[in-house]
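One-letter residues, chain by chain:
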Protein chains: 2
Amino acid sequence: MAERISQIGEFGLIRRLKDLLLKEGVAGRGVVLGIGDDTASFIPRSGQEVLVTCDSMVEGRHYLPECISPHDLGRRAMISNISDIGAMGGAPLYALVSLGLRPKTADADVEEMYRGFLFEPNPFHASIIGGNITSVGDSPFIDITLLGEVPEGRSLRRSTARPGDSILVTGFPGRSGAGLRLLLEKKGTEQVEDHPLVRKYLVPGHRAFAGRAIALSGLATAMIDTSDGFLGDLGHICEESGAGADLEQNKLPLKQDLIDAARAFGEDPYELMLGNSDDYELIVTCPPENVTGVITALSEAGVESISEVGKITPFAQQIRLIGGDGSERRIEPKGWDHFG
Amino acid sequence: MAERISQIGEFGLIRRLKDLLLKEGVAGRGVVLGIGDDTASFIPRSGQEVLVTCDSMVEGRHYLPECISPHDLGRRAMISNISDIGAMGGAPLYALVSLGLRPKTADADVEEMYRGFLFEPNPFHASIIGGNITSVGDSPFIDITLLGEVPEGRSLRRSTARPGDSILVTGFPGRSGAGLRLLLEKKGTEQVEDHPLVRKYLVPGHRAFAGRAIALSGLATAMIDTSDGFLGDLGHICEESGAGADLEQNKLPLKQDLIDAARAFGEDPYELMLGNSDDYELIVTCPPENVTGVITALSEAGVESISEVGKITPFAQQIRLIGGDGSERRIEPKGWDHFG
């Protein structure tokens, strides 16, 4: 019989998680105090800017427990934060994990989720140094704060793209969103958890090693990760940079599985590629003469697919899609509005 | 007609909150990037340890919206984090605020809550530099991560109390817990929101300025804030320090309003003083010869009531209550178990 949190209690659970972190986590560099006091603490390295971000996932909104294992859920929650640190060019260092859990949750599931939390930061030698656990009624949540570092002056923002810059994107945005749709449509009728698009949704991966390489290369002008969809995040770059963008439709990266899914949905695959989807790919802008260098840096960091898809323009917040026939169509970045 | 989040949308709300922070917040020292990019960032001061803590509040578990104004709720959520930074001897610097909100929540209420978030950090010149907003169904939550700093080597832990140390406590623990009980018992029948005990529960205050003064004085051996009740937190000190404690019952601080409430509840006031209550007072241990110095430092930091209540003993995790007649009684620290 699985033990539930209500049986071992908050402090019992915390003791088990501390043991798990000691055994399966890494010792974070510069950590003075980890879990167990009023705060954690660390000594930052000189010459480094400290990055900090937080992101939360709520059951029923960001994930369906019947569709994702606790381990994958833990990975996914950490990936979205690692991706944010990576999109600034940083390396993750320390995480704080705040959980809202049902009392009837099995202790073993929380431990598996913690193994998922460790899976992605461990290769960076990043560690979990703090957190909070509380009980909730109907809406369990995971809220992770991740700290990282980037050499002073090297971080890559979304506000610094310049007209004339080339726009590059890694991988194949849109696949995660298509995977979510597939999961929701087939749920209960068909086993789709192993479909490549669904896997991309459940455990999207991140580009933090590549993002760091780009920042350190000094070749790019702006960078962002795609968590609000390709168009939503390109829209963030345009809005913050006071610029626009022209996208060449036939250069937009489409993978066969997305084309197949679009056909099954009766949709235009380009709509799926551009629309809401959290793929955690990178959008990078750079002067045209740096494109080769950026592609080389991304390739050396292990990115297999890189597409140059268009140019930043001076037309504030106007994003246009240029067809193969030279036609121009204005498209609206929507982004993922949780309250929309 | 009040505007709801679902009407202005996630990004509309974020824009309003950014405006509010610009107008009513302070510019945090060393901040490179505030709200609006993939991460926030700052340049830490050399010679300082960075402290980081997080604490969450869930509607229905940690607060009842019908009993607390959005402004007080914001203050209270920030206080519990500031108290943790202060209990290490640190000064708060930067906050990240992660909210789970119902779509039907009024925008004006979120703005009022944000004014509450700013109320406590502003005097420290600490700023809100990031966060996250998501929609939830039935369990709105507030999860705050707070960063602070303390000069290297000066932080005061819970694990470093030594046998023979005197135990001091600020203020009158137990009043917040009694206020909560009063609120729950009288809710719907009597207006008790202005009762001093209820106010202490709703907006408990913090001792962060005093905590910092104690840490910088170098006179204390250990420190903790009382968020799990006096006995719960003294228990944390004893557990982490591998020590015990003898408390002199007639030195325990009792305020008349707690005595009156205990009588009305038909309870022993000492039980209320020792039990579950989040008052955010400080428990400080120090060698007996430093007691006068600690009291002076606390007084100079504005603490009006300080009590020396007992001694740390070598008997691991045994906390004893010594009666006026010399009788000894072992008491168990329970702490506030959210899953108990």
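Residues numbered from 1 in each chain as written. Chains lettered and ligands numbered in written order. Predicted model: local features only at pLDDT ≥ 70, side-chain atom pairs only at ≥ 80, totals over all residues. Heavy atoms only, no water.

Turning next to the sheet that holds strand β8 (residues 222-225) of chain A. Residues and elements named next belong to chain A. The mixed open sheet is built from seven strands, whose spatial order is β8-β10-β7-β11-β9-β12-β13. Lying at the two open borders of the sheet, with one neighbouring strand each, are β8 and β13 (328-331). Along the sheet, successive strands turn relative to each other by an average axial angle of 25°, direction set aside. In the sheet, β8 pairs with strand β10 (residues 282-286) via four bridges, with the strands oriented antiparallel. (Pairing = 2+ DSSP bridges. Helix = DSSP H or I, 4+ residues; strand = E, 2+ residues; numbered from the N terminus. Axes fitted to C-alpha atoms, helices over the stretch in contact; angles between N-to-C directions.)

As a further point, take the pairing of strand β11 (residues 306-313) of chain B. Strand residues, when the strand is regular, have side chains that alternate between the two faces of the sheet. Residue and element names in this part refer to chain B. As paired strands, strand β7 (residues 166-170) and β11 are joined by five bridges and run antiparallel to one another. Bridge assignment links Thr 170 to a residue of β11, and that residue is Ile 306. Note: strand β9 (residues 244-248) against β11, four bridges, orientation antiparallel. By the bridge assignment for β11, Leu 247 is matched with Gly 310.

Next up on the list: the packing of helix α2 (residues 70-87) of chain A against helix α3 (residues 107-119) of chain A. Residue and element names in this part refer to chain A. Relative to each other, α2 and α3 sit at 40°, their axes nearing to 7 Å. In terms of orientation, α2 and α3 fall into the oblique class. For the pair α2 and α3, the crossing hand works out as right-handed. Facing Pro 70, His 71, Leu 73, Gly 74, Arg 75, Ala 77 and Met 78 of α2, the residues of α3 in contact are Asp 109, Glu 112, Met 113, Arg 115, Gly 116, Phe 117 and Phe 119. Tallied by class, the residues present in the contact of α2 with α3 amount to seven nonpolar, three polar and four charged. (Parallel < 35°, antiparallel > 145°, perpendicular 65-115°, else oblique. Left-handed = near helix turned anticlockwise from the far one by under 90°. Contact = heavy atoms within 4.5 Å. Nonpolar A, V, L, I, M, F, W, Y, C, P; charged D, E, K, R; others polar.)

Here six strands make up an open sheet; going across it, the order is β5(A)-β4(A)-β6(A)-β3(A)-β2(B)-β1(B) and the pairing mixed. Of all strands in the sheet, those with a lone pairing partner are β5 (127-135) of chain A together with β1 (31-33) of chain B, marking the two edges. Averaged over all adjacent pairs, the angle separating strand axes in this sheet is 20°, with direction ignored. In the sheet, strand β3 (residues 48-58) of chain A pairs with strand β2 (residues 40-42) of chain B via three bridges, with the strands oriented antiparallel. Of the residues in β2(B), the one forming a bridge with Leu51(A) is Ser41(B). Contacting β4 (91-101) and β5 of chain A, helix α1 (residues 5-24) of chain A crosses the sheet at an angle of about 175° to β5(A).

Residues and elements named next belong to chain A. Pairing analysis gives four bridges linking strand β12 (residues 319-322) to β13, with the strands arranged antiparallel. Considered in β13, the bridge of Ile 319 is made with Ile 331. Where β12 folds back onto β13 in an antiparallel hairpin, the turn is made up of five residues, including Gly 326, whose phi is positive at roughly 85°.

This paragraph deals with helix α7 (residues 230-241) of chain B. All names here are of chain B. Helix length check: α7, at 12 residues, gives a terminal C-alpha distance of 16 Å against a target of 16 Å (1.5 Å per residue), a fit within 8%. Of all 12 residues in α7, 10 are buried, a share of seventy percent or more. Residues of α7 that are buried: Phe 230, Leu 231, Gly 232, Asp 233, Leu 234, Gly 235, His 236, Ile 237, Cys 238 and Ser 241. Positive phi shows up at Gly 242, right after α7, with a value of about 60°. (Expected span 1.5 Å × (residues − 1). Buried < 20%, exposed > 50% of the residue type's maximum accessible area, 1.4 Å probe, protein only.)

Before going further, it helps to spend a moment on the relation of the copies chain B and chain A. Note on the chain copies: they are related by a rotation about an axis and a translation along it. Each copy superposes on the other: chain B lies on chain A with an RMSD of 0.0 Å after a rotation of 180° and an axial shift of 0.0 Å. Put plainly, the chains are arranged around a two-fold axis. Taking the C-alpha atom as reference, chain B places Ser139(B) closest to the rotation axis, 2.8 Å from it. When the interface residues of chain B are mapped onto chain A, 100% of them are again interface residues, pointing to one common binding face. (Least-squares fit on C-alpha atoms with pLDDT ≥ 70 in both.)

Before going further, it helps to examine the confidence of the model for chain A. In this model, chain A carries an average pLDDT of 93, and 98% of its residues clear a pLDDT of 70 or more. Note on the complex model: pTM 0.94, ipTM 0.93. (pLDDT = per-residue confidence, 0-100.)

Another point: the interface of chain B and chain A. Between chain B and chain A, the residue contacts involve 70 residues of the former and 70 residues of the latter. Carbon and sulfur atoms supply 55% of the area that chain B and chain A bury against each other, a total of about 5600 Å² over both sides. Counting across the interface, chain B meets chain A through six salt bridges. Linking Arg15(A) and Glu239(B) is a salt bridge whose minimum nitrogen-to-oxygen distance equals 4.0 Å. In this assembly, chain B and chain A are joined by 21 residue pairs in polar contact (both at pLDDT 80 or more). A per-element tally of the side of chain B that touches chain A places strand β3 (residues 48-58) of chain B first, with 10 residues. Partitioning the side of chain B that touches chain A into residue classes produces 28 nonpolar, 21 polar and 21 charged. (Buried area = accessible area lost by both parts, 1.4 Å probe. Salt bridge = Lys/Arg side-chain N within 4 Å of Asp/Glu carboxyl O. Polar contact = N/O pair within 3.5 Å; in protein donor to acceptor, adjacent residues only side chain to side chain.)

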